[in-house]
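Structure at a glance
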Amino acid sequence: MDILAEIVKHKRTEVEMLKRVSPLSPKTIIRNGRMPVSMRERLAAASTGIIAEFKRRSPSKGWINRDARPEQVLPLYEGAGASACSVLADREFFGGSPDDVARARNAANLPLLFKEFVIDEYQIMQAFSAGADAVLLIASVLPPGEIAALARRIHDFGMEVLLEVHTADELCALNGDMEMLGINNRNLGSFFTDTGNSLRMAEAVRKATKGFASAPLLVSESGITSGRVIAELKRAGYGGFLVGESLMRGENPGDNLRRLIEEAER
């Protein structure tokens, strides 16, 4: 079994259990913090477009920063110039939780991405309740019809969609109502990472979105460790850059982000 299949199998069991012990209803959930803002607009208007990620661990590399706390890291990201933040909400494989998203919301005013393996409306309600502005949907996790239905529910709650794809074949899950399109440089089956994937996918994305009234803002995800790579991706049409592991390693993620931005702007 590949890593993604293992994660999704566990997630289905986890969500069904949570629905029984901690039921949520659209009529009763309470929003944490302000109402959603547009992450797409913030990224499009930003000079850097960096989505700084709060991430404690990964299935392939183990613990990155076991003791990290969102209430400490998010203000550092905001102060260093992040355009938005991504917060891992998966507990079993990434050491996160929806509570981390809520703590991040209370610590910073940046747009927040609820980064989770979303398979059910329950998780969308978790995202809204925690204070997220956008929700990740992964094209390799569900068929296009289910992706489209979940995207509509995300919009019903006033949040935006970041659809993640890794290959050109997965672009069939994209439609003109999705605000952001993420090209994952990491293969979620093997967790092999190659930032060249975003460059190779740029032409396929242009063809897939040619008839759209408004093309999604392009986000390159994973494996970005230098400002040189960000500059190259900008020239290829990307407006967002999701960076996590290289920022979270070390004592001060804010300093790591500041150095990355300085390098990208040279």
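Below you will find a few notes about this structure. (Residues numbered from 1 in each chain as written. Predicted model: local features only at pLDDT ≥ 70, side-chain atom pairs only at ≥ 80, totals over all residues. Heavy atoms only, no water.)

**Focus: the overall build of the protein chain**
Scanning the protein chain from terminus to terminus reveals ten helices and ten strands. Compactness check: the protein chain gives a C-alpha radius of gyration of 17 Å against a globular reference of 18 Å for 266 residues, within 12% of the reference. Dimensions of the protein chain, computed from the C-alpha atoms along their principal axes, are close to 50 × 45 × 40 Å. Considering the protein chain as a whole, with its 266 residues, one finds that 55% of them fall into the buried category. With the model as given, the accessible surface of the protein chain reaches about 11300 Å², and the carbon-plus-sulfur share is 49%. (Helix = DSSP H or I, 4+ residues; strand = E, 2+ residues; numbered from the N terminus. Rg over C-alpha atoms; globule rule 2.2 N^0.38 Å. Buried < 20%, exposed > 50% of the residue type's maximum accessible area, 1.4 Å probe, protein only. Areas by Shrake-Rupley, 256 points an atom, 1.4 Å probe, with all protein chains shown as cover.)

**Some remarks on the pattern of salt bridges**
Taken as a whole and judged by the stated rule, the model has 22 salt bridges. Residues Asp133 and Arg31 are paired through a salt bridge, measuring 3.9 Å at the closest nitrogen-oxygen approach. Here Asp133 is found in the loop between α5 (121–130) and β6 (134–138), whereas its partner Arg31 is found in the loop between α1 (3–21) and α2 (39–45), with 102 residues between them in sequence. In this pair, the class of Asp133 matches that of Arg31, namely buried. A salt bridge links Glu232 to Arg228; its shortest N-O distance comes to 4.0 Å. Of this pair, Glu232 and Arg228 both sit in helix α8 (residues 227–235), separated by four residues, roughly a single helical turn. What makes Glu232 partly exposed here is its relative accessible area of 32%. Connected through salt bridges with shared partners, the residues Arg56, Arg69, Glu71, Asp99, Asp100 and Arg103 form a single ionic network. (Salt bridge = Lys/Arg side-chain N within 4 Å of Asp/Glu carboxyl O.)

**Thoughts on the packing of aromatic side chains**
One pass over the full model with this rule turns up two aromatic pairs. When the centroid spacing of 5.4 Å and the interplanar angle of 45° are considered together, the rings of Phe128 and Phe157 count as tilted. On the criterion of sequence distance, the pair formed by Phe128 in helix α5 and Phe157 in the loop between α6 (144–156) and β7 (160–165) is long-range, its members being 29 residues apart. When its relative accessible area of 9% is taken as the criterion, Phe128 is described as buried. You can call Phe157 buried: its relative accessible area is 10%. Across the ring face of Phe128, the terminal group of Arg31 is positioned such that the distance to the ring centre comes to 5.0 Å. The aromatic ring of Trp63 is capped on one face by Arg57, whose charged end is 5.3 Å from the ring centroid. (Phe/Tyr/Trp six-rings, centres within 6.5 Å; stacked < 30°, edge-to-face > 60°. Lys NZ or Arg CZ within 6 Å of the ring centre and 35° of its normal.)

**Things to note about the pairing of β7**
Extensive coverage of β7 is indicated by the burial of six of its six residues. Covered by surrounding structure in β7 are Glu160, Leu162 and Glu164 together with Val161, Leu163 and Val165, the residues of both alternating faces. Both β6 and β7 contribute to a ladder of five bridges, which runs parallel. Bridging from a neighbouring strand, Ala134 pairs with Glu160 of β7. Tracing the backbone out of β6, into α6 and back to the parallel element β7 gives a crossover that is right-handed. Note that β7 and strand β8 (residues 180–184) share four bridges and pair parallel. (Pairing = 2+ DSSP bridges. Right-handed = clockwise from strand over helix to strand, strands pointing away.)

**Re the sheet that holds strand β9 (residues 217–221)**
Taken in spatial order, the eight strands line up as β1-β4-β5-β6-β7-β8-β9-β10 and close into a barrel, and their pairing is parallel. Between one strand axis and the next, the sheet turns by 25° as a mean value, whatever way the strands run. As paired strands, β8 and β9 are joined by five bridges and run parallel to one another. Residue pairing in the sheet places Met180 in a bridge with Leu217 of β9. (Axes fitted to C-alpha atoms, helices over the stretch in contact; angles between N-to-C directions.)

**What to know about α5**
Note that an α-helix has 3.6 residues per turn; residues three or four places apart therefore point the same way. With respect to burial, α5 is a largely interior element, eight of its ten residues being buried. Of the residues making up α5, those classed as buried are Tyr122, Gln123, Ile124, Met125, Gln126, Ala127, Phe128 and Ala130. One side-chain oxygen at the N-terminal end of α5 lies 2.8 Å from the backbone nitrogen of Tyr122; it belongs to Asp120. One or two residues past the end of α5 sits Gly131, with phi positive at roughly 110°. (Polar contact = N/O pair within 3.5 Å; in protein donor to acceptor, adjacent residues only side chain to side chain.)

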